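# Close look at the chain arrangement
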Amino acid sequence: MDLTGFAERVGTSGTVSIRGRSSRTVERTVNVDIDRVVTAPNGVVEYHPDEMTITCGAGTPLESIRNVTAENGQSVALPGSGTVGGALSVGRSGIDRLGVGPVRDTLLQATFVDHRGELITVGGPTVKNVSGFDLARLLVGSFGRLGFIARVILRTRPVPRASSWFETDADWSRVVELQTVLYRPAALLWNGDRLAIRLDGDPDDIAESSRRFGLSPRTGAPFAENEFTHRWSVAPIEVPAIVRSARAPVWAEVGVGIVHHVEPQPSRRGTPNRIELRLLDEFDPDRRLNPDVVFPQ
Amino acid sequence: MTRPADDFIVDLTRGVSHVHRNPIEVSLFDHDASTIEGRAGVVVYPTSLDEVVHVVTTCNRHGRPFVARGAGTGLAGGATPLDGALVICLTKMNRVLSVDPVNRLAWVEPGVLNLDLSRHMAAMGHDLHFAPDPSSQQSCTVGGNVANNSGGPHCLADGVTSAHVLALEVVLSDGQVVVLGGEEPEPDGLDLRGAFVGSEGMFGIATKVCVRLTQNPPTVRTMLLDFTSVRDGADTVSSIIAAGMVPAALEMMDALCIEAVEQYVHAGLPLDAAAVLLVEVTGLAHDVDAQAERVAEIGREHRARTIRVARDEAERALLWKGRKTAFGAVARIKPNYYLHDTVVPRRRLPEVLDEIYRIVDRHDLLVLNVFHAGDGNLHPLLVFDKREPGVMERVHAAGEEIVRASVAAGGVLSGEHGIGLEKRDYMSLMFSELDLEAQAAVRRSFDPSGLANPFKVLPSPASCGDVQHVPEGAWI
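Residues numbered from 1 in each chain as written. Chains lettered and ligands numbered in written order. Predicted model: local features only at pLDDT ≥ 70, side-chain atom pairs only at ≥ 80, totals over all residues. Heavy atoms only, no water.

## Remarks on the overall build of chain B
Stated precisely, the cut-off is as follows: Strands here are runs of E lasting at least two residues and helices are runs of H or I lasting at least four, both read from the DSSP assignment and numbered beginning at the N terminus. Each radius of gyration reported is based on C-alpha atoms, and the globular scaling rule is 2.2 Å times the count of residues to the power 0.38. Exposure is judged per residue with a 1.4 Å probe applied to protein chains only, and the accessible area is read against the type maximum: over 50% gives exposed, under 20% gives buried, and values in between give partly exposed. Contact between two residues is taken to exist if any of their heavy atoms lie within 4.5 Å; hydrogens are not considered. With residues, only the protein chains shown are counted as cover, and all accessible areas are computed by Shrake-Rupley using a 1.4 Å probe. Charge assignment: positive for Lys and Arg, negative for Asp and Glu; neither His nor the chain ends contribute. Charge placement uses NZ in Lys and CZ in Arg. For Asp and Glu, CG and CD serve respectively.
In terms of regular secondary structure, chain B is built from 16 helices and 20 strands. Whereas a compact globule of 476 residues would reach a radius of gyration of roughly 23 Å, chain B reaches 22 Å, a difference of no more than 12%. Along the first, second and third principal axes, the C-alpha atoms of chain B reach 70 × 55 × 40 Å. Taken over 476 residues, chain B has a buried fraction of 61%. In chain B, the share of contacts with a sequence separation of at least 24, taken over all contacts with a separation of at least 6, comes to 73%. Of the roughly 16,700 Å² that chain B leaves accessible, carbon and sulfur atoms contribute 51%. Chain B carries 42 positive and 62 negative side-chain charges, and their two centres are separated by 2 Å.

Pasting the structure below:
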């Protein structure tokens, strides 16, 4: 994998923007001139199913990762159709976050190119590691503003033996009841009167749970990935009020707090705080990396 | 130059009621649970956010370093104060502030004990627990878990502390109070919460923690497999993971450890085994049956002699007691121990264990291995009698070789104890100078003053002070 070549393309001066497959919505400004557009290295370097780790270039399409890991009954909990680097830099989870956890917990180690064109490695190669500060967390959801991810080691996870969607009529009290009694559902999606549920695990357990709690089978998720233009991030406790007050159809991830919405979320912060400004000053003082990306989004 | 100590004390006592200066009492805070001795100056026990802000602001005004600590169970010297630093002991801030059992989160103060949090849930009738379960969980605090990004046997399936902390209220070194992260899943901006967890007290002081709570599993099956070779045990671990299972826990003990534990807890461990594996599978009934059956099958394929399944909660508790009290059991062999903590790729476990036995033999020491095999997290326990002349040198030399062997095998310096002072000067085994500079830059961004727990984690070239006092017991 040509990490040095990538670092050279990022270079030491000028404004540079990084692109994957542009499959995710990223708010950009047109007020900044971009000298160069770069793409991260692509390809799987190493895959160790018995370590539950895969090493790949950040430019590797998620499709390739899925194909490689599927051969060993594993997957990587990164959503969408773009690249590994895109999923990490944007940091938005998939609708099964309740079951598989947030994007940030997937990243074990990252090598990124900093504003001086230098390669920096953060995190560690093993599934467990507390050596030094956890800088890998900072890269997830940073939209490339601290550096451009070149190569990563990701945690893989076993694909469940079975995975099925169900639904049921549900007011909020029924939602709460099911949220309490179902054991680790992979997704609970509520639109105000229907609850869609994904259960992962042993097929007999899934059948038993669906019988016991009166769930009807359904095919797939209740909405398509790109059906909603906005995703609100709210405290899970706010979900019922937000769903009830929505003027257009919405789907909320119960127990997580993501609400898939057609309108933008009001009152997002919009400016970096003091620690973030200092981090930006340390990691990209000239603001040459992805300066066109509105941050925070 | 700092002003005379008296002004500092006078200023301190203006805003915090518990200030301790008695030399005998203060000396109890000279170290954590590591062998590294430091020197505490004054000890304060704040009881509120306002008191923490006052203490930190006062330290800032006087240019005094401070070290936050909980129960002091850390093993890497992270909470060892150097050169008379002020110790901020947070054990009096120990309230569970709120619990949302439906969304499974709770706000707690940093001094809440790890196990008390799960007990609190049980007492409230909630079928929930706090997943990180370090062996010290009866006495370690949630704040300490945050500082060290603590693990434990059950972190194999559920992740270490970072995966169980949603938000933090933090007092920065200038006294400013910030909230990092949030109950919402994707707060705007950088994941400062994630960076703070595991920062070993060097980014600020957490005064409130929003933790994620985990459902108690409806079915638990605990199994003990025994082997006549360590390699068979280690290969079983790799095969279980490769077969698509992530058991709730996957722990291993070697022969000397089995012997010590058995004499201590009488759990019926096979005294002639080279290794035992403690495997716990949890979940819904059918899933647990299927996994347990598969684990047994894999064990047999790797020549497991017996496969014992705990019949009831009492037997399960006994097997776990054996695992969790292993460190107490060693006292029967030698009066002192030094517990190490490195991680290696699972597939390298057999060869690294062999190497550890060779290293320890070379230094004429004894080692017990009891560790989180599922995630390759080794815990070689060197046992010795420190009254034996020259033994400490051998212990440190062997320790250094073990750390180097682990990193050389593609592993890391620490899986859960952290870097602190113990492994500070080994950071360059894993990180380049530029990598370490980046870590120092993050530290500066959180704490430009450098007063929060100075001289830890980052090796000397990356720190800036003129105090480079290296306490006895550090591996320098």
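## What about the domain arrangement of chain B?
Threshold: For the purposes of this description, domain bounds are those given by an automatic or database domain assignment.
By domain assignment, chain B separates into domain 1 (5-89), domain 2 (96-215), domain 3 (219-328), domain 4 (334-408) and domain 5 (428-462). Computed from C-alpha atoms alone, the centre-to-centre distance between domain 1 of chain B and domain 3 of chain B is 43 Å.

## Regarding unusual backbone geometry
Residue and element names in this part refer to chain A. The amide bond that connects Phe 295 to the next residue, Pro 296, takes the cis arrangement and shows omega of -5 degrees. Residue placement: Pro 296 occurs in the segment after α9 (274-283). Positioned with a positive phi, Phe 143 is a non-glycine residue whose angle comes to about 50 degrees. Looking at the element boundaries, Phe 143 is found in the loop between α5 (135-139) and β8 (148-155).

## Structural notes on the pattern of salt bridges
Side chains that differ in charge, positive against negative, can pair when their charged atoms come close. Selection rule: Here, a salt bridge means any Lys or Arg side-chain nitrogen found within 4 Å of an Asp or Glu carboxyl oxygen.
Going through the model one piece at a time under the given rule, you end up with 48 salt bridges over all chains. Between Arg14(B) and Asp11(B) there is a salt bridge; the shortest N-O distance is 2.5 Å. Between Glu400(B) and Arg404(B) there is a salt bridge whose closest N-O contact spans 2.9 Å. Taken together, the positions of Glu400(B) and Arg404(B), both in helix α14 (residues 391-408) and 4 residues apart, correspond to about one turn of that helix. Residue Arg404(B) is classed as partly exposed on the basis of its relative accessible area of 39%. Taken together, the shared-partner salt bridges in this structure form one network comprising Glu167(A), Asp169(A), Arg194(A) and Arg218(A).

## A few points about the side chain of Asp96(A)
Residues and elements named next belong to chain A. To keep it simple, the criterion reads: Distance and chemistry together define a polar contact, namely a pair of N or O atoms within 3.5 Å, with one atom able to donate a hydrogen and the other to accept it when in protein, and with adjacent residues in sequence counting only for side-chain atoms on both sides.
Along the chain, Asp 96 turns up in the loop between α3 (84-90) and α4 (97-100). Polar side-chain contacts of Asp 96 include one of 3.5 Å to the side chain of Arg 198. Once residues within four sequence positions are removed from consideration, Asp 96 is found in contact with Gly 101, Ala 186, Ala 187 and Arg 198.

## Concerning the sheet that holds strand β3 (residues 44-48) of chain A
All names here are of chain A. For the record, the criterion: Note: two strands are recorded as paired if DSSP finds a minimum of 2 bridges between them. The angle between two axes is taken between their N-to-C directions and runs from 0 to 180 degrees, where each axis is a line fitted to C-alpha atoms and a helix contributes only its stretch in contact.
Spatially, the 5 strands line up as an open sheet ordered β3-β4-β8-β6-β7, and their pairing is antiparallel. Both outer strands of the open sheet, β3 and β7 (119-123), are each paired with one neighbouring strand and no more. Sheet twist, expressed as the average angle between the axes of neighbouring strands with direction ignored, equals 10 degrees. As judged from the 5 bridges shared by strand β4 (residues 53-57) and β8, these two strands associate in the antiparallel manner. Within β8, the position partnered with Gly 57 by the bridge is Arg 151.

## So, the interface of chain B and chain A
Quick note on the threshold: We define buried area as the total accessible area lost by two parts upon association, computed with a 1.4 Å probe and summed across both. For this scheme, ten residues count as nonpolar: Ala, Val, Leu, Ile, Met, Phe, Trp, Tyr, Cys and Pro. Four count as charged, namely Asp, Glu, Lys and Arg, and the remainder, Gly too, count as polar.
The partner chain A presents 72 residues to the 88 residues of chain B that form the contact. Summing the contributions of chain B and of chain A, the shared interface buries around 6,400 Å²; its carbon and sulfur component is 54%. In terms of surface lost to chain A, no three residues of chain B exceed Glu186(B), Asp188(B) and Leu190(B), which account for 12% of the buried area on that side. A salt bridge links Lys128(A) to Asp375(B); its shortest N-O distance comes to 3.7 Å. At the boundary of chain B and chain A, one finds 32 residue pairs in polar contact (both at pLDDT 80 or more). If you list the elements that add at least two residues to the side of chain B that touches chain A, you get β9 (177-181), α7 (192-196), β11 (214-215), α8 (230-242), α10 (285-301), α15 (427-430) and α16 (433-446) of chain B. Take the side of chain B that touches chain A: its biggest share by element is 11 residues, from α16(B). In terms of residue class, the side of chain B that touches chain A is built from 40 nonpolar, 28 polar and 20 charged.

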